[in-house]
Amino acid sequence: MKLSFILNGERRELETDPLRSLLDLLRSELRAVATKEGCGEGECGACSVLMNDKLVNSCLIPAIQAQGAQILTLEGLKETAHGQSLTRAFRQAGAVQCGFCTRAC
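All of the points below concern the structure found in this document.

Rules of the game
- Residues numbered from 1 in each chain as written.
- Predicted model: local features only at pLDDT ≥ 70, side-chain atom pairs only at ≥ 80, totals over all residues.
- Heavy atoms only, no water.
- Buried < 20%, exposed > 50% of the residue type's maximum accessible area, 1.4 Å probe, protein only.
- Helix = DSSP H or I, 4+ residues; strand = E, 2+ residues; numbered from the N terminus.
- Pairing = 2+ DSSP bridges.
- Salt bridge = Lys/Arg side-chain N within 4 Å of Asp/Glu carboxyl O.

## Focus on the pairing of strand 3 (residues 48-51)
- Residues Val49 and Met51 of strand 3 are buried on one face, while the alternating residues Ser48 and Leu50, pointing to the opposite face, are not.
- Two strands pair when backbone bridges link them, and strand 3 and strand 4 (residues 54-57) are joined in this way by four bridges, in the antiparallel orientation. Opposite Leu50, over in strand 4, you have Leu55 as the bridge partner.
- Counting the residues in the hairpin turn of strand 3 and strand 4 gives two residues, including Asn52, whose phi is positive at 55°.

Structure representation (structure tokens):
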């Protein structure tokens with residue numbers, strides 16, 4: 001199935017299995033690797049993204065639900081004024097990475 005949606009402000013179109021998890025699609029096909037799989041059951045929040053301005057666990061969302069949606073991952077959030085404020089606050093407080101990322105967020 002061909003999906004079309006906005007990811008971090010950029011229109012994306014790709015062919016995929018409509019029942020594939022949004023998490024797998026984001027990480028494997030679109031390289032949005034800040035979105036992580038933690039528990040795989042929607043409990044831990046490591047896979048959280050904003051979908052149409054609502055926080056969702058991408059491990060529980062079938063890719064078909066992304067059709068026409070606006071999705072914001074950590075990669076996109078860090079480019080916003082709110083994301084930059086959070087980054088500054090973390091740096092000022094001496095906060096450390098969670099340990100799951102392979103690169104700084």
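## Here we look at the pattern of salt bridges
- Using the criterion set out here, one finds four salt bridges in the structure.
- The salt bridge partner of Arg20 is Asp24, with a shortest N-O separation of 2.6 Å.
- We classify Arg20 as buried; its relative accessible area is 18%.
- For Asp24, a relative accessible area of 32% corresponds to the partly exposed category.
- In this structure, a network of salt bridges that share partners links the residues Arg20, Asp24 and Glu29.

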